[in-house]
Every structure is written in C-alpha cells, then in structure tokens.
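What follows is the residue order along each chain.
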Amino acid sequence: VRAARKAYEAARDDANAKGQYQQFAIEATRFEVAEYEDRVKNYPTDMHVRYELGRRYFALKQYEEAISEFQKSQGDPRHRAASLSYLGRCFLIQEWLDMAIDTLRQGIEAHGSDSDERGMELQYVLMEALEKSAAETRSLEQATEAQRTAARILQTNIKYRDIRECMDRIRKLVAELREEQK
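Below you will find a few notes about this structure. (Residues numbered from 1 in each chain as written. Predicted model: local features only at pLDDT ≥ 70, side-chain atom pairs only at ≥ 80, totals over all residues. Heavy atoms only, no water.)

1. Considerations on the packing of helix α3 (residues 47-59) against helix α4 (residues 63-73)
Note the following rule: Each axis is a line fitted through C-alpha atoms, and for a helix only the stretch in contact is used; angles between axes span 0 to 180 degrees, taken between their N-to-C directions. Secondary structure follows DSSP: runs of H or I at least 4 residues long count as helices, runs of E at least 2 residues long count as strands, and numbering of each begins at the N terminus. Angle categories are assigned with fixed cut-offs, so that under 35 degrees is roughly parallel, over 145 is roughly antiparallel, 65 to 115 is roughly perpendicular, and the rest are oblique. It is the rotation of the near helix from the far one that decides the hand of a crossing: anticlockwise by less than a right angle makes it left-handed, clockwise makes it right-handed. The contact criterion used is simple: two residues touch if any of their non-hydrogen atoms lie within 4.5 Å.
The geometry of α3 relative to α4 is characterised by a closest axis approach of 8 Å and an angle of 155° between their N-to-C directions. It follows from the interaxial angle that α3 and α4 lie roughly antiparallel. The handedness of the crossing between α3 and α4 is left-handed. On α4, the residues that touch M47, R50, Y51, L53, G54, R55, Y57 and F58 of α3 are Y63, E65, A66, E69, F70, K72 and S73.

Given below as structure tokens:
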C-alpha cells in the first residue's frame, strides 16, 4: 500500500497508479476488518476495538455495520465524540437527516470544543445535514441554523474545506425560503 501510494503521489495524473493504490488500500482495509472482527469476537466489551472496526466498515462504505459498531463504541467516553461524528455521517449518507442532526448535536456537546479538527468536522457535517434537510422540508428555521453553523466555522477558519462556497449556497437558500414565506 505504501509503495502504491508513493507511485500515485509521484504521478498523480496516472490513472493506473491511482487504481492500483485504491485497490491495495481496499484490500488492506478488508484485511483489517477481518482482524478487527476477530478481535471483537474475542473481546466484545473492548470499545476501542469496536470503534476501529466501525472506522474500517465506514471506509468500505458498509454503513449499517459501521452504525452498529459506532452505536456500541459511543459508550466509551474516549470515543464518544468521534463515534457520534461517524454515526452522524452514516445517517447523513443514508439520508436519515433528523437522526443525523440529533446525533451530530450530541457529538458537538460531547466534544466540547469548536475550534479543533474534530469540533470543526462535527460542525461541518451538522451544517451539511441542516442544509440538506432545510432544502427538502423548506424549513427556514433549519436553513438559518445551517447558516449560523457555517458562520461559526468561517469565523474560526475561513480556509476550512469549502466553507465559503457553503456559506454562499446557504445564504441563497435562506433568502429563497424567506421569499417563499412572504
């Protein structure tokens, strides 16, 4: 995997190198899943092992299995915020928006910091869930909350991901919804 990653990084435009790297990474993750599944069988109460298994399932896009592991690993205070972050992302991917929003709010509360990487990630995914839900339900309240969340991220780190584009998109949504309510 390391050799394939180096080859890919050396020739980013080489589709073959990228494909090889991705295939090796998937195979390595599958191997890790098998190892962690064996560890979970032997140590079912070890929440760190369950958290790591959930991360591997998430990487392989096996979201229902990941959800199950993160639901268990969130009981460990060391992994609570991270597990809730992954759970929220799984729910968002599954388009279970209300559950995603509730879970991400719990994650933000459990984490307690808005300015570090985990806190920013939690807020960003919450913003995405709120925006998507607001667009589907035509909820001005959720769109406004998404805008406030985007503003907090922007105030902390204007270069975080694509936050400026998100803010512009959410502002347009809020304006649309306000116009609809007139």
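There is more to say, and it comes next.
2. Some words on helix α9 (residues 163-181)
Where we set the bar: Here the expected span of a helix is defined as 1.5 Å times the quantity of residues minus one. Note on exposure labels: buried denotes an accessible area under 20% of the residue type's maximum, exposed denotes more than 50%, and partly exposed covers the range between, all computed with a 1.4 Å probe on protein chains only. Here the arc refers to the set of directions running from the helix axis out to each C-beta atom.
With 19 residues, α9 extends 27 Å between its outermost C-alpha atoms, agreeing within 8% with the 27 Å of an ideal straight helix rising 1.5 Å per residue. Turning to α9, its buried residues are I163, C166, M167, I170, L173, V174 and L177. With its buried residues spanning 125° around the axis, α9 presents them on a single face. Those residues of α9 that are exposed and aimed more than 90 degrees away from the buried face are R164, K172 and E179. Of the surrounding secondary structure, the elements contacted by the buried residues of α9 are α7 (117-137) and α8 (140-156).

3. Overview of the pattern of salt bridges
Let me state the cut-off plainly: By salt bridge we mean one thing: a side-chain nitrogen of Lys or Arg within 4 Å of a carboxyl oxygen of Asp or Glu.
This structure, assessed with the given rule, holds 15 salt bridges. Among the salt bridges present, the one from R50 reaches E69, with a minimum N-O distance of 2.8 Å. Linking R50 in helix α3 with E69 in helix α4, this pair joins segments that are 19 residues apart in sequence. Its relative accessible area of 8% is what places E69 among the buried residues. Linking E145 and R105 is a salt bridge whose minimum nitrogen-to-oxygen distance equals 2.5 Å. Of this pair, E145 sits in helix α8 while R105 is found in helix α6 (residues 97-111), placing the two residues 40 residues apart along the sequence. Owing to a relative accessible area of 18%, E145 belongs among the buried residues under this scheme. For R105, a relative accessible area of 36% translates into the label partly exposed. One connected set of salt bridges, linked through shared partners, spans E32, E52, R55 and R56.

4. As for a negative patch on the surface
As a reminder, the rule being used: A patch consists of residues exposed above 30% relative accessible area that lack any salt bridge, with like charges linked at up to 9 Å and nonpolar side chains (Val, Leu, Ile, Met, Phe, Trp, Tyr) linked at up to 5 Å. Using a 1.4 Å probe, the Shrake-Rupley method yields the accessible areas, and only the shown protein chains count as cover for residues. Here Asp and Glu are counted as negative and Lys and Arg as positive; His is not counted, and neither are the chain ends. A single reference atom marks each charge: NZ on Lys, CZ on Arg, CG on Asp, CD on Glu.
A cluster of acidic residues, E35, E37, D38, E64 and E65, forms a negative patch at the surface. Going through the elements one at a time, α2 (15-42) and α4 are the ones with two or more residues in the negative patch. Per-element tally for the negative patch: the top contributor is α2, with three residues. Within the secondary structure layout, D38 lies in helix α2. Relative accessible area serves as the criterion here: at 43%, D38 is assigned to the partly exposed category.

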